[in-house]
Every structure is written in structure tokens, then in C-alpha cells.
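If you want the building blocks of each chain, they are given just below.
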Amino acid sequence: ALDRERVAYSEDNSNGWSIFSTDGGRIDDATADDLTSSLWSNGFLRYVEKQSKKIDTNSDNYETMLYQYEADNGITDPFQKQFLELEESSSVVLEYAGDPDRVSVRATMDWLRCTSAGM
């Protein structure tokens, strides 16, 4: 099972943000861009947008929505799961200073869409 506390992380340096895997290796920019596009922007965010119209109060948080996205799309690769956790932390946790299981999808969807589109 994936240890969801040991996730990929990003680090600010003189050239901007770099993304690292849990083994400490830097992920090259092209790979990071591909993962961001396929898993986050065109994956999870589109999923959330579609699901947002039918969210009930029990699933109106990013943690639950991310688990549902991974299950519905057969995402089992630990590296991809870690990358999604990184994006979730970068986009949700840092902005709202709250745990993903407490931040409302409906209340933040417009902000998240705008911010991620500009990244």
C-alpha cells in the first residue's frame, strides 16, 4: 500500500520549482509537465468539474474526490498517486491552509480551475 505521508515534493530554487520523487531524484521538467497535464489539469480537475454538480456533503472535499478519481480511472501506480498528492498539496493545502479532507470542492472549484490553468 502507498504511504500517503511520503509523497513527491517540490522545492523552489533559482530556476523556479523543481519536483522530486520520494527517493530524492529530481523529475525532469518534461516529465513533470506531462504528468501535470495528463493527471492533474486534464485528469483530476476535469473529473472534479464533472463531479461537482453531483457532489453530496459527504464527498465535498478534495481527499475523497482524489480517492474516487484514482479508483474510477484505475490509477494504481505509486508514482502517479504521489504526483497527484503533490498537486493536491500545492494547489489546495497551500492556498487554504487546510487538510484536503476539510476543504470544500464546491466552494473552491472556480479558484482552482483559474489557478491551475495559469500554471
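See the structure above.
Calculation notes
- Residues numbered from 1 in each chain as written.
- Predicted model: local features only at pLDDT ≥ 70, side-chain atom pairs only at ≥ 80, totals over all residues.
- Heavy atoms only, no water.
- Buried < 20%, exposed > 50% of the residue type's maximum accessible area, 1.4 Å probe, protein only.
- Helix = DSSP H or I, 4+ residues; strand = E, 2+ residues; numbered from the N terminus.
- Arc of directions from axis to C-beta.
- Polar contact = N/O pair within 3.5 Å; in protein donor to acceptor, adjacent residues only side chain to side chain.

S.K.: Whenever I open this one, helix H2 (residues 62-72) confuses me. Can you help?
M.R.: What sets the pattern is the α-helix's 3.6 residues per turn: residues three or four places apart point alike. Turning to H2, its buried residues are Tyr62, Glu63, Met65, Leu66, Tyr69 and Glu70. Down the axis of H2, the smallest arc covering the buried residues is 165 degrees, so these residues share one side. Relative to its buried face, H2 has exposed residues pointing more than 90 degrees away, namely Ala71 and Asp72. Looking at where H2 begins, the residue whose side-chain oxygen comes 3.1 Å from the main-chain nitrogen of Glu63 is Asn61. Backbone geometry just downstream of H2 places Gly74 in the positive-phi region, at approximately 65 degrees.

S.K.: What is the right way to read the side chain of Glu87 from this model?
M.R.: Among the secondary structure elements, Glu87 is positioned in helix H3 (residues 78-96). According to the relative accessible area criterion, Glu87 is buried, its value standing at 9%.

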